[in-house]
Amino acid sequence: MAYIQGFLSRISDLLLCRWTFRHCCQKCYESSCCQSSEDEVEILGPFPAQTPPWLMASRSSDKDGDSVHTASEVPLTPRTNSPDRRCSSSDTSKSTYSLTRRISSLESRRPSSPLIDIKPIEFGVLSAKKEPIQPSVLRRTYTPDDYFRKFEPQLYSLDSDSDDVDFLTDEEILSKYQLGMLHFSTQYDLLHNHLTVRVIEARDLPPPISHDGSRQDMAHSNPYVKICLLPDQKNSKQTGVKRKTQKPVFEERYTFEIPFLEAQRRTLLLTVVDFDKFSRHCVIGKVSVPLCEVDLVKGGHWWKALIPSSQNEVELGELLLSLNYLPSAGRLNVDVIRAKQLLQTDVSQGSDPFVKIQLVHGLKLVKTKKTSFLRGTIDPFYNESFSFKVPQEELENASLVFTVFGHNMKSSNDFIGRIVIGQYSSGPSESNHWRRMLNTHRTAVEQWHSLRSRAECDRVSPASLEVT
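Parameters at a glance
- Residues numbered from 1 in each chain as written.
- Predicted model: local features only at pLDDT ≥ 70, side-chain atom pairs only at ≥ 80, totals over all residues.
- Heavy atoms only, no water.
- Helix = DSSP H or I, 4+ residues; strand = E, 2+ residues; numbered from the N terminus.
- Buried < 20%, exposed > 50% of the residue type's maximum accessible area, 1.4 Å probe, protein only.
- Contact = heavy atoms within 4.5 Å.
- Areas by Shrake-Rupley, 256 points an atom, 1.4 Å probe, with all protein chains shown as cover.
- Pairing = 2+ DSSP bridges.
- Axes fitted to C-alpha atoms, helices over the stretch in contact; angles between N-to-C directions.
- pLDDT = per-residue confidence, 0-100.

J.: Even after reading the chapter, I still don't get the overall build of the protein chain, so can you show me in this structure?
T.: In terms of regular secondary structure, the protein chain is built from nine helices and 16 strands. Buried residues in the protein chain amount to 37% of all 468 residues. Put simply, 65% of the contacts in the protein chain that link residues at least 6 apart link residues at least 24 apart. Only carbon and sulfur atoms are counted for the fraction: they give 54% of the accessible area of the protein chain, which is about 29,400 Å².

Here's what the structure looks like:
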């Protein structure tokens, strides 16, 4: 009997727990925090959605079930240990089955969360017609002529002077161009940090060529050699002129003050030039040696075949000038500072250069002045000043003609080069110097100028035609 009472007591406790769980589930379902009303529909996404059919069916079944349960259910009272709490096993099994069915019914009617199918969001330009936006590619339309402009005819010419001679031996170069050979040596002095270049001799030079027919001796050349370290062509050296020979012997040494590491990045350029007193000097050939390919400290000497140069004529030299205008005094001050690498006009002594300065107002020569001449040099230092009376209202119509001559005691002076600065400038560099002087009154403005030929100045500057 005691065993049966204990078993019934455990069953009673179990039923009480399940009833409490059922009651809590029912209260939670009926509360507003868990049950969504008709006005509260969970919407996932930025667009409104209709109420799913399963949600409408669930609500109708919930309402019907609630009305039935309310009318038929009788609230259960907790059982105590009194004699009235005993019941039969059939009543207990019915109550357990009813509670299990109610719980399963609640779980089947409440899904975890509604899933709403939403279309993906599209981003684009708001317009009546949706069109995909793609980046536009600018394409150039080509004509048949554009393709032919890309070709460089000199690359396909058999007579091109730009042939690659790196793979040819000196004998092959000599037989191909027949310009002769040059003997020279190099050595670097680490103690004094300078490079020594020795020009020894040349042989088998070609006969001279005269384009204008002014050359008198067409059988012999008057060669000399110009030396520079590329890419710097301004600070060059020049040997003396050897008269009437195709096998000149120079035996001259020249030094370049340059650090060792910088010297290894330079290229030694030796240019053999034919001197012509009555015309511009003609380039015979050249030799270029990258100094990184030779042992500068140990030194060495080489025979190298001359190759053609793209520069058929040598430069005439450069002139350093300073201009200054004083508006209050109406004075135009000119300083002739120096010149360098002037064209050699004398075979034996080099040159005796001087500079003539001529003031031209409009197309009328007004005043002429000149520097002193320096003997036996192609790199003269003058440092001479000149002053011209030019009123401010006449300044814009003024031109200065600078002409470099080689002094000659026996005949007329030898023309070397010329430039024109002012209203009728002979080039962009001269115009820039004059403009800078006009914009900076009372301040000296210095600038280097490359000398030009007489014919070139006469062609572009009317002021050059008014002077001699």
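J.: What exactly am I supposed to notice about the sheet that holds strand 1 (residues 181–189) here?
T.: Reading across the sheet, the four strands line up as 5-2-1-8 and stay open at both edges, with antiparallel pairing between neighbours. Each edge of the open sheet carries a strand with a single partner, namely strand 5 (249–257) and strand 8 (300–305). Strand-to-strand twist of the sheet, defined as the mean angle between neighbouring strand axes without regard to direction, takes the value 20°. Here strand 2 (residues 194–203) runs beside strand 5; their pairing, made up of seven bridges, is antiparallel. Note that in strand 5 the partner of Arg 198 across the bridge is Arg 253. Strands strand 1 and strand 8 of the sheet are contacted by helix 5 (residues 170–177), whose axis makes an angle of about 35° with strand 8.

J.: What is the right way to read the sheet that holds strand 7 (residues 282–290) from this model?
T.: By way of backbone hydrogen bonds, the strands of a sheet pair with one another, either parallel or antiparallel. Overall, antiparallel pairing links the four strands, which are arranged 4-3-6-7 in an open sheet. Edge positions in the sheet fall to strand 4 (232–238) and strand 7, since each of these pairs with one other strand and no more. On average, each strand axis in the sheet is tilted by 25° relative to the strand beside it, whichever way the strands run. Pairing analysis gives three bridges linking strand 3 (residues 223–230) to strand 4, with the strands arranged antiparallel.

J.: Please explain the pairing of strand 11 (residues 353–361) as it appears in this structure.
T.: Two faces, one strand: in a regular strand the side chains alternate between the faces of the sheet. In terms of burial, strand 11 is a largely internal element, eight of the nine residues being buried. Of the pairings in the sheet, the one linking strand 11 to strand 14 (residues 398–406) comprises nine bridges and is antiparallel in character. Residue pairing in the sheet places Lys 356 in a bridge with Thr 403 of strand 14. Sheet topology note: the strand 11/strand 12 (residues 364–370) ladder contains six bridges and is antiparallel. Across the sheet, residue Lys 356 finds its bridge partner in strand 12, namely Lys 370. Connecting the antiparallel pair strand 11 and strand 12 is a turn made up of two residues, with Gly 362 showing a positive phi of about 70°.

J.: Just to check I follow, could you spell out the confidence of the model for the protein chain for this structure?
T.: Should pLDDT be low for a region, the predicted coordinates there are not to be read in detail. Averaged over the protein chain, the pLDDT score is 76; the fraction of residues at 70 or greater is 64%. Ranking the elements of the protein chain by mean pLDDT puts helix 4 (residues 144–149) last, at 51, and strand 1 first, at 95. Within the model, pLDDT remains below 50 along residues 34–45, and this stretch shows 19 contacts once partners closer than five positions in the same chain are excluded. Counted against residues more than four places away or in other chains, residues 154–162, with its pLDDT under 50, gives two contacts.

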